[in-house]
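# Structural description and commentary
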Amino acid sequence: MKKMIFPKSLKKGDKIAVISPAGAVDAPQLEKGIEMIKSRGFEPVPGEHLYSKFSNGYNYAGTEKERIKDINWALNDKEIKAVWASRGGYGCQHLIQHLKMKGFTENPKWYIGYSDNTVIQSYLLKKGFVSIHGQTIKTSSFGVTDESYDLIFDILKGKMPKYSLKSHPLNKEGNIKGELIGGNLALIYALLGTQYSFAFKDKILFIEDIGENFYALDRMIMSLELAGVFNKIKGLIVGGMTNMGDEKENKSYEESFDEFAYKLISDRISRYKFPVVFAFPNGHIKDNRPLIIGSEVKVKIDTKVKIDF
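An account of the accompanying structure is given in this report. (Residues numbered from 1 in each chain as written. Predicted model: local features only at pLDDT ≥ 70, side-chain atom pairs only at ≥ 80, totals over all residues. Heavy atoms only, no water.)

## Overview of the overall build of the protein chain
The criterion, for reference: The numbering of helices and of strands both runs from the N terminus, where a helix is a DSSP run of H or I of at least 4 residues and a strand a run of E of at least 2. For this measure, only C-alpha atoms enter the radius of gyration; the expected value for a globule follows 2.2 Å times N^0.38, where N is the number of residues. Partly exposed residues are those whose accessible area sits between 20% and 50% of the maximum for their type, while under 20% is buried and over 50% is exposed, using a 1.4 Å probe and protein chains only.
Looking only at helices and strands, the protein chain has eight helices and 15 strands in total. Scaling as 2.2 N^0.38, a compact globule of 309 residues should have a C-alpha radius of gyration of about 19 Å, and the protein chain matches this with 18 Å. With the principal axes as the frame, the protein chain shows a C-alpha extent of 50 × 40 × 35 Å. Put simply, the protein chain has 309 residues, and 58% of those count as buried.

## Concerning the side chain of Asn-171
Selection rule: In protein, a polar contact means a hydrogen-donor-capable atom and an acceptor-capable atom, both N or O and within 3.5 Å, with residues adjacent in sequence counting only if both atoms are side-chain atoms; elsewhere, any N or O pair within 3.5 Å suffices. Between two residues, a contact is recorded if the distance between any of their heavy atoms is within 4.5 Å.
Of note, Asn-171 is situated in the loop between β8 (162-166) and β9 (174-184). A polar contact of 2.7 Å, which involves the side chain of Asn-171, links it to the backbone nitrogen of Phe-278. Setting aside chain neighbours within four positions, we find Asn-171 in contact with Val-276, Val-277, Phe-278, Ile-301 and Val-305.

## Concerning the sheet that holds strand β10 (residues 204-210)
Heads up, the rule is: For two strands to be treated as a pair, DSSP must find at least two bridges joining them. For helices, the fitted axis covers only the stretch in contact; all axes are lines through C-alpha atoms, and the angles between them, taken along N-to-C directions, range from 0 to 180 degrees.
In space, the seven strands of this open sheet follow the order β8-β15-β14-β9-β10-β11-β12, with mixed pairing throughout. On the outer flanks of this sheet lie β8 and β12 (276-277), each paired with one strand and no other. As paired strands, strand β14 (residues 296-301) and strand β15 (residues 304-308) are joined by four bridges and run antiparallel to one another. Counted as the bridge partner of Ile-301 is Val-305 from β15. Against the sheet, helix α8 (residues 259-268) makes contact with β10 and β11 (235-242), and its axis sits at roughly 155° relative to β11, the strand it touches most.

## Comments concerning the packing of aromatic side chains
The description of an aromatic ring pair rests on the distance of the ring centres and on the angle between the ring planes. How we decide: Any Phe, Tyr or Trp ring, taking Trp's six-membered ring, that has another such ring centre within 6.5 Å forms a pair; planes under 30 degrees apart are called stacked, those over 60 apart edge-to-face, and the others tilted. Geometrically, a charge over a ring is one whose NZ (Lys) or CZ (Arg) sits within 6 Å of the ring centre while staying within 35 degrees of the ring normal.
Under the definition given, this model contains 16 aromatic pairs. The interplanar angle of 75° and the centroid separation of 4.8 Å between the aromatic rings of Phe-214 and Phe-260 together place this pair among those described as edge-to-face. In this pair, Phe-214 is assigned in helix α7 (residues 214-226) and Phe-260 in helix α8, connecting sequence segments 46 residues apart. Relative accessible area serves as the criterion here: at 19%, Phe-214 is assigned to the buried category. Of note, Lys-172 hangs over the ring of Phe-274, and the distance from its end group to the ring centre comes to 5.9 Å.

## A few points about the environment of Ser-55
Along the chain, the position of Ser-55 falls in strand β3 (residues 54-55). Measuring from C-alpha to C-alpha, the distance between Ser-55 and Ala-24 comes to 9.2 Å, with 31 residues separating the pair along the chain.

## Quick look at the packing of α7 against α8
The condition is simple: Should an angle fall under 35 degrees it is taken as roughly parallel, and over 145 as roughly antiparallel, whereas 65 to 115 is taken as roughly perpendicular and any remaining angle as oblique. Put simply, a crossing is left-handed when the front helix is turned counterclockwise from the back one by less than a right angle, and right-handed when it is turned clockwise. Polar here means any residue other than Ala, Val, Leu, Ile, Met, Phe, Trp, Tyr, Cys and Pro, which are nonpolar, and Asp, Glu, Lys and Arg, which are charged; Gly is therefore polar.
With their axes 10 Å apart at the nearest point, α7 and α8 run at an angle of 25° to one another. The angle between α7 and α8 falls in the class roughly parallel. In this structure, α7 meets α8 at a crossing whose hand is right-handed. Facing Phe-214, Leu-217, Asp-218, Ile-221, Met-222 and Glu-225 of α7, the residues of α8 in contact are Phe-260, Ala-261, Leu-264, Ile-265 and Arg-268. A class-by-class count of the residues in the contact of α7 with α8 yields eight nonpolar, no polar and three charged.

In structure tokens, the structure reads:
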């Protein structure tokens, strides 16, 4: 496995770019998150089109050109030490053919986000850089736990996470070590067959999702199987699965770890021998513990689950 590049740790006063690469946001939605960056001693720098809006079948944070301009500025400006996405939604796929990396390669920096940002993180991974799969700025206004953000700031300052979890009944025991890949399942699925897809061989795959019908969840898992993903990976970590199926019919609709979604996934992968962790707290949930995409991770699954970076 080639050695992945970790950005330098941030110090007080460093600048963090806040950009909107996908869906539109309103200023009040970001106030708490931006103040949080300031309170930690960093300087938030808004992208030119952070609050822009462009409606084209979806409310984007500006036109494609505007969003491309902002992300290329954030990635390549040498004064910016980290890039934090305001939110996900949809739109990151518009950007990846137009990303410029010269300044980023010379001065690597942390990219922080999840959901639709999985696309950007897959791109960075292919270039040899790790990133943080963690809460966006907008979700700070939605009652997300303080620890979800505390742990991100720990990583920015150079402290790698270690997690200890209760075992889940659907877990498959085992000890594995490898490079962590993945993110939002819908985007992993959307990238299959493209040059931007994750490389799955001997990797530990993480998946999470929100708001999918159960048949759509099954379709995505089936696509991974048909693409040979489950014959390639060393292990699987399943995070949040919430707001799944029909709200009126699903008693677990508001739960972070939907019971039926988990059973569906478990049944589909039952014939594979790799170890599996269910109910890892990362995804579209209020207690979202950050993961480092591209980092080597050690996973021990028995009566408890331990995950060390």
